[in-house]
Amino acid sequence: MTYEFLQHYWCFIVSLLGALLVFLLFVQGANSVARSLGQTEEGRRLVYNSTGRKWEFTFTTLVTFGGAFFASFPLFYSTSFGGAYWLWMIILFTFVLQAVSYEFQNKIGNFLGPKTFQFFLTLNGIVGPLLLGGAVATFFEGSNFIVEKNNLIDPTALTPIISRWANASHGLDALLNPWVLVLGFAVVFLARVLGILYVMNNVNDEDIRSRGSVRLIGAAVPFLLLFVAYLIHLLLKDGFAVDDFGRIYMEPYKYLNNFIDMWYLTVLLLIGVVLVLWGIGTEIVNRKSVNRKCFGIWPAGIGTVLTVLALLLSSAWNNTAYYPSTADLQSSLTIQNSCSSEFTLTTMFWVSLLVPFVLAYIVYAWRAIDAKKLDKEELKNDHAY
């Protein structure tokens, strides 16, 4: 195993975790439309109990994603999580609100009332995917930071900080870029699509399923428009390339060139898009069928993972700066200049071989949780949310 292989390997692992996180945002997506899926209090509780069984998967994946980035690419972690901390703190705060809301919305003594915590769940369902999508967009659009590694060895430096944000907004300035918002809202509507598909599959209630078919069209159309618009923008824009000496320069049609050079990522992207469209289309076409099974979440979910994985890898592989700086081009981060030591990456490689066993346990637990479809009898359970 060469150092270069390990760098690309861990870029793949982190990208895969990011792709799985985007899929698991179906929890947030379903919560954001819970009031329209279930128009009665009983219907809303069915939706919240459906997503309440899975919110730990999303939160754990978010934490694992951050931990993997910290261990394999620590300079990115210190630059983004340390510099753009307002962006990440808002994301984490809404996820904490989500966890609290699930547990306390219907508890005895809740003086705020269930609707307050349901509002928090809706807030997390919109703000969480929006800001996470915006954070992904900065891999292509750039962020406003400066890296000064010499500060660690410069005795005259006031603070031994490697990287710093170039302004006082600490990450929120990314939202001023309209293309960051386009991808952010695309993720919001994608999360809604996946959330609706998941609830339709998981809840045995014909009223919710019939409403879900209508809401699915309302979420799928803006998602497709926003995603196609951003994909066209991405393929036509100048990208942040790296030469043989590690210098960053702007290359016309860089990401289009990446998909041409790495044809396997293009195949991955196309398969993912087709699967997402298939998952959406099957539920829309069969919306009037009697006793339908509603399995659209699985092709759409797998398609989401493949599509996001292809996009994330295109931002880092093939001599590309995956975290470009708009304040100082040469401060942009690549998988070569921001990764851990070869010893660390090698050690983590052997540990990562245990991941398939963890995934197998997750699949087993998921199947056990969803062995029985949710119905109104579930709400009588003492453990219902």
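Here, the structure is the one placed above.
Residues numbered from 1 in each chain as written. Predicted model: local features only at pLDDT ≥ 70, side-chain atom pairs only at ≥ 80, totals over all residues. Heavy atoms only, no water.

**Examining the pairing of strand E4 (residues 248-251)**
In this sheet, E4 lies alongside strand E3 (residues 239-242) in antiparallel orientation, the contact comprising four bridges. Note that in E4 the partner of Gly239 across the bridge is Glu251. If you look at the hairpin formed by E3 and E4, you'll find five residues sitting between the two strands, and Gly246 has a positive phi there, around 85°. (Pairing = 2+ DSSP bridges. Helix = DSSP H or I, 4+ residues; strand = E, 2+ residues; numbered from the N terminus.)

**Examining the packing of helix H11 (residues 254-261) against helix H12 (residues 263-285)**
Where H11 contacts H12, the two axes come as close as 4 Å, and the packing angle between them is 95°. Considering the angle they form, H11 stands roughly perpendicular to H12. Of the residues in H12, those touching H11 at Phe259, Ile260 and Asp261 are Trp263, Leu265, Thr266 and Leu269. Here the residues of the contact of H11 with H12 sort into five nonpolar, one polar and one charged. (Axes fitted to C-alpha atoms, helices over the stretch in contact; angles between N-to-C directions. Parallel < 35°, antiparallel > 145°, perpendicular 65-115°, else oblique. Contact = heavy atoms within 4.5 Å. Nonpolar A, V, L, I, M, F, W, Y, C, P; charged D, E, K, R; others polar.)

**Section: the environment of Glu103**
When you line up the elements, Glu103 lands in helix H7 (residues 85-104). With 157 residues separating them along the chain, Glu103 and Ile260 place their C-alpha atoms 48 Å apart.

**Let's talk about the state of the cysteines**
One pass over the structure, following the stated rule, counts zero disulfides. With no disulfide of its own, Cys11 lies closest to Cys339 among cysteine sulfurs, the gap being 11 Å. Residue class for Cys11 comes out buried when judged on its relative accessible area of 5%. The class for Cys339 is buried, based on a relative accessible area of 14%. (Disulfide = S-S within 2.5 Å. Buried < 20%, exposed > 50% of the residue type's maximum accessible area, 1.4 Å probe, protein only.)

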